[in-house]
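Observations on chain architecture
One letter stands for each residue in the lines below.
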Amino acid sequence: MPRSILIGFVVLISGVNPARGAFEDELPIVFNRDIRPILSDNCLFCHGPDPSDRRGSLRLDQLDDARADRGGYRVIDRDNPEASELLFRITSEDELDRMPPPDSGKELTNEQIELLRRWIAEGAEDQPHWSFVPLSRPPLPDVTNTSWPVNPIDQFLLSRIEAEGLSPAPEADRVTLGRRVALDLTGLPPERDALNRLIEGDRAGVYERYVEELLASPRYGERMAILWLDLVRYADTVGYHGDQEHHATPYRDYVVNAFNKNMPFDQFTHEQLAGDLLSNASIDQQIASGYNRLLQTTHEGGAQDGEYLAKYAADRVRNVSAVWLGATMGCAECHDHKYDPYAQRDFYRLAAFFADLDQRGAYPGPDATPTVRAPEIDVLDPIDRRALLEVEQAIEALKNAEGHENDLEELERRREAITARARRTMVSVSVEPRITRVLARGDWMDTTGEVVDPGVPEVLPELETSASRASRLDLARWLTRPDHPLTARVFVNRLWNHFFGRGLSRSLDDTGLQGDMPSHPELLDWLAVEFVESGWDVKHLIRLIVTSRAYRQSSIPDPAMLKADPANDLFARQERFRLPAEVIRDQALAISGLLVEQLGGPSARPYQPEGYYAHLNFPKRQYLADTDQNQYRRGLYVHWQRQFLHPMLRAFDAPTREECTTKRPSSNTPIGALTLLNDPSFVEAARVLAARVLLETEGNDHDRLAAAWRSTLIREPDAPELAALQRLLDASRTRYDADPAAASAVCSTGMAEVPEPLDRVELAAWTAVCRALLNLHETITRF
């Protein structure tokens, strides 16, 4: 038997298959859950879709090949399972035969070997990959505790929980729940009056009405925009070389407004990919088309147009496939995908959709910031557009009237003031498409490759177009056709991650064979179908999630449940996780009363360490912090310098947005604690909070400490917590009594004035208390 044919079958993993979860060891083998991850992680690099690196003429992504007769033996022999070449290889003691080979440094565990053996013995059945299966609405499962579910989400989850002989967590207390959903939907602490109505309300529907208030808030669009801007890698600077500013802020504001208006997700998609191609494209649709211009660009002297056009094309393929498909098509730039059914030709066919964009590869100088990335247009925000229209109508009405010169002059001054607020923004403009070739190994200088037209991967639904050449608008419509298997699943999974701390599939960026299978695939499909059939209604989907019993559960794990389900695969409790960087900043400003809730506009520049931009060149520049109300705007609006992201944002894991970010890391480092204690924005917020406590709260230290605690954490403090704060206050008074200069330094941090009646030593001592409160784990954690 020619066993050497399979020596290239290299295994690269060891350990328990995580897809099986903690409760499924005795269940029948399921290919997608139990076997595909082993084959994908270990075999497909050498025995997968890419023919250029396939070993032994064997494909293990298509199992008909493995089942075929190979001259007297089969890799997988369903008639005689123990004779399967696969089992021989993974159990062989001979180093020449064994898989994985000794030089791989890996070996299969006994459990993995047993899974493969059982699978073959049970018939070696395979399944289509879950993400490529057409969407269909699964039936609702039966549950025993019929009083617990309030919507289908609960029914799917409870059915699984009950099957394991377990019970869901109790509902969180209303203070915790009110804070949780406010942070999730608006990124801000709850308003006191609204929270009181939730806490004190005893009528049915009080929580649902609280949710509706949050969804109706302009702050909702700002919170949701953070998720989207991470995906589309929005920033205020070009990224490459000099990292100069470019004109993009109206696009950011478009995203906020789209979420606030509850724009259907299919329309949201069409306007961004092809707003310029829509009939009679509006100003907002032109702004939306700026999505295509958000990538990194250069005007470095000597840069080659052809090289950078190839870079931009590859960037767009990576981003579009990641954002809408959850696909890693960037892996097919130089060769066929090693794991997924995406050919290199698919990569360049997708790139060809964007070959019509009016753009340069290397933009001309000079080394100035902001730089120009034509085509650009001047735009007003929607409020100013309406105001300008009213003024122009009034001017027109007065032009033919006698004796209104003064009124006319005043109206013209108003018109000039409004138009002066216009901002430039990059937009898409369609021109004659450039030729797109398949680049051998991604080499932009190789002009011998096949010329390709726009197209989509064959594994996905067919693209429909009435034109001789498909357009970006055709692509956008294809992404949102009702039978597309990926777009709705991907968006739903990311929303679930936002509200539960992890996705139904943990892989937010990979729906392919290397990604994780969903823990509850039927629930994911039910929600995806519901999303499409609702008219791509984002608020409808969110409302379903946050009003479910599952969302309202306590995040405090029961010891028995924690032992049975440590990773919370069952979603039998809520998760607790640290807040994103922007929300940490927003919360501190809101708690202190400094937050300026202004929608849209130019980016803000909060305090930043002097000299932080010292290494920025082409041109050299100095960071100038805002000295007006922009200093206290939300983190969403903070200037996003890709190479030198604001240190506070970096300390709390905000991405540079050079590439699509589907899930931010959450680190816990001393740098984070030091930032909360010493960043001037947080010191000023603590000082203003301290002043409010001293001026607005009557009583002794105990009363004021309790008030400061409630302002920060919403809930009442307990005796040990108050005692700890009192010790800190006493120590701080002693310190600042001995060092009045240090007290003055604390009181002079930031722009906000110190109210006259306050003693600076006392204010500094209370500021120390409030700095500690803003630094608490509980303060920066969503429970």
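Look up a bit, the structure's there.
Cut-off values and rules
- Residues numbered from 1 in each chain as written.
- Predicted model: local features only at pLDDT ≥ 70, side-chain atom pairs only at ≥ 80, totals over all residues.
- Heavy atoms only, no water.
- Phe/Tyr/Trp six-rings, centres within 6.5 Å; stacked < 30°, edge-to-face > 60°.
- Helix = DSSP H or I, 4+ residues; strand = E, 2+ residues; numbered from the N terminus.
- Buried < 20%, exposed > 50% of the residue type's maximum accessible area, 1.4 Å probe, protein only.
- Lys NZ or Arg CZ within 6 Å of the ring centre and 35° of its normal.
- Salt bridge = Lys/Arg side-chain N within 4 Å of Asp/Glu carboxyl O.

Remarks on the packing of aromatic side chains
Enumeration according to the criterion identifies 29 aromatic pairs in this entry. For the pair Trp228 and Trp324, a centre-to-centre distance of 5.6 Å together with 75° between the ring planes defines the contact as edge-to-face. In this pair, Trp228 sits in helix H10 (residues 218–231) while Trp324 sits in helix H14 (residues 305–325), placing the two residues 96 residues apart along the sequence. Comparing Trp228 with Trp324 shows no difference in burial state: the two are buried. Both rings, one in Tyr613 and one in Tyr623, keep their centres 5.3 Å apart while their planes meet at 85°; by these two values the pair is edge-to-face. One end of the pair, Tyr613, is in the loop between helix H24 (581–592) and helix H25 (647–651); the other, Tyr623, is in the loop between H24 and H25, with ten residues separating them in the sequence. One exposure class covers both Tyr613 and Tyr623, and it is buried. Here the aromatic cluster, defined as three or more aromatic residues joined through ring pairs, consists of Trp228, Tyr234, Tyr251, Tyr254, Phe259, Phe265, Phe268, Tyr291, Trp324, Phe491, Phe531 and Trp536. Positioned above the aromatic ring of Tyr551 is the side chain of Arg180, whose terminal nitrogen or guanidinium carbon lies 5.7 Å from the ring centre.

Here we look at the pattern of salt bridges
Enumeration over the complete set of coordinates arrives at 56 salt bridges. Measuring nitrogen to oxygen at the nearest pair gives 2.8 Å for the salt bridge that ties Arg782 to Asp184. In this pair, Arg782 sits in strand E4 (residues 781–782) while Asp184 sits in helix H7 (residues 174–186), placing the two residues 598 residues apart along the sequence. You'll find Arg782 and Asp184 in the same group, each marked buried. Asp315 serves as the salt-bridge partner of Arg318, at 3.7 Å between the closest nitrogen and oxygen. With Arg318 and Asp315 both in helix H14 and three residues apart, this pair spans about one turn of that helix. Its relative accessible area of 4% is what places Asp315 among the buried residues. Among the charged side chains, a network of salt bridges with common partners joins Arg219, Glu222, Asp586, Glu597 and Arg634.

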